[in-house]
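What follows is the residue order along each chain.
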Amino acid sequence: GGIGQPLSLLMGMDPNVGELCIFDLDVAMVPPAGVAADLSHLERKSTVKGYVMPVGKNPIDHLEECLTGCHLVLIPAGVPRKPGMTRDDLF
C-alpha cells in the first residue's frame, strides 16, 4: 500500500509524460481527484486527471476515457498492511 502516489509523482516529473491519468476505487484513502489536484501544481506542466470507480462496478464501464490514447499503463494495485502484518504477509 502507498506506492501509487509516489509513483504518480515520479511519472508527473518525467518530461516524456504529457498526460497523467490517476484511477482508483472510491474507497481509496486519498481520492484520485485529490492526487490529481496535488500533481497539477508540479512545475513540469502535464495534463493530470483523476478518475474514480465505485467498488463492485465493472471496470470496463469506467476505464474507457481514462485509457484512451495511453501508451503506458502502470498498475500499482495492492492492499495496505493491517496492524501487526509484515511485508512477507502480503505474499
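Residues numbered from 1 in each chain as written. Predicted model: local features only at pLDDT ≥ 70, side-chain atom pairs only at ≥ 80, totals over all residues. Heavy atoms only, no water.

### Looking at the overall build of the chain
Tallying secondary structure elements over the chain gives three helices and two strands in all. Listing each helix as α and each strand as β along the chain from the N terminus yields α-β-α-β-α. When the backbone C-alpha atoms are referred to their principal axes, the chain occupies close to 40 × 30 × 20 Å. Within the chain, the proportion of its 91 residues that are buried is 18%. Taking contacts inside the chain between residues at least 6 apart in sequence as the whole, the part at least 24 apart equals 65%. Surface summary for the chain: the accessible area is close to 7,000 Å², and the carbon and sulfur share equals 59%. In the chain, 7 positive and 11 negative side-chain charges are present, and the distance between their average locations comes to 4 Å. (Helix = DSSP H or I, 4+ residues; strand = E, 2+ residues; numbered from the N terminus. Buried < 20%, exposed > 50% of the residue type's maximum accessible area, 1.4 Å probe, protein only. Contact = heavy atoms within 4.5 Å. Areas by Shrake-Rupley, 256 points an atom, 1.4 Å probe, with all protein chains shown as cover. Lys, Arg positive; Asp, Glu negative; His and termini not counted. Charge placed at Lys NZ, Arg CZ, Asp CG, Glu CD.)

### Comments concerning the confidence of the model for the chain
Residue-level pLDDT values for the chain average 86, and 97% of them are 70 or greater. Taking the mean pLDDT of every element in the chain, the minimum, 88, falls on helix 1 (residues 4–13) and the maximum, 91, on strand 2 (residues 47–53). (pLDDT = per-residue confidence, 0-100.)

### Describing the pairing of strand 1 (residues 19–25)
Here seven bridges tie strand 1 to strand 2, and the two strands are oriented parallel to one another. When the bridges of strand 2 are listed, F23 appears paired with Y51. Note that the unit made of strand 1, helix 2 (residues 32–39) and strand 2 has a crossover that is right-handed. (Pairing = 2+ DSSP bridges. Right-handed = clockwise from strand over helix to strand, strands pointing away.)

### With respect to the environment of I22
Topologically, I22 is positioned in strand 1. C-alpha of I22 to C-alpha of I60: the two residues are 38 residues apart in sequence and 16 Å apart in space. The contact partners of I22, leaving out residues within four places of it in the chain, are S8, P32, V35, L39, V48, K49, G50 and Y51.

### Quick look at a nonpolar patch on the surface
On the surface, L25, V27 and V55 cluster together into a nonpolar patch covering about 250 Å² of accessible area. Take L25: it is sitting in strand 1. Taking the relative accessible area as the measure of exposure, L25 reaches 31% and is therefore partly exposed. (Patch = residues over 30% accessible without salt bridge, like charges linked within 9 Å, V, L, I, M, F, W, Y side chains within 5 Å. Salt bridge = Lys/Arg side-chain N within 4 Å of Asp/Glu carboxyl O.)

### Notes on the layout of surface pockets
The computed volume of the largest pocket comes to approximately 1,600 Å³. Along its surface, the largest pocket is lined by 45 residues, and G4, F23, L74, I75 and P76 are the ones closest to its centre. Secondary structure elements with two or more residues in the lining of the largest pocket: helix 1, strand 1, helix 2 and helix 3 (60–67). Per element, the largest residue contribution to the lining of the largest pocket is seven residues, and it comes from strand 1. Its residues placed into classes, the lining of the largest pocket shows 30 nonpolar, 11 polar and four charged. (1 Å grid on protein atoms, 1.4 Å probe; cavity = no way out; pocket = protein on both sides within 12 Å on 5 of 7 lines; lining within 4 Å. Points joined across faces, edges and corners; volume = space filled by probe spheres on them. Nonpolar A, V, L, I, M, F, W, Y, C, P; charged D, E, K, R; others polar.)

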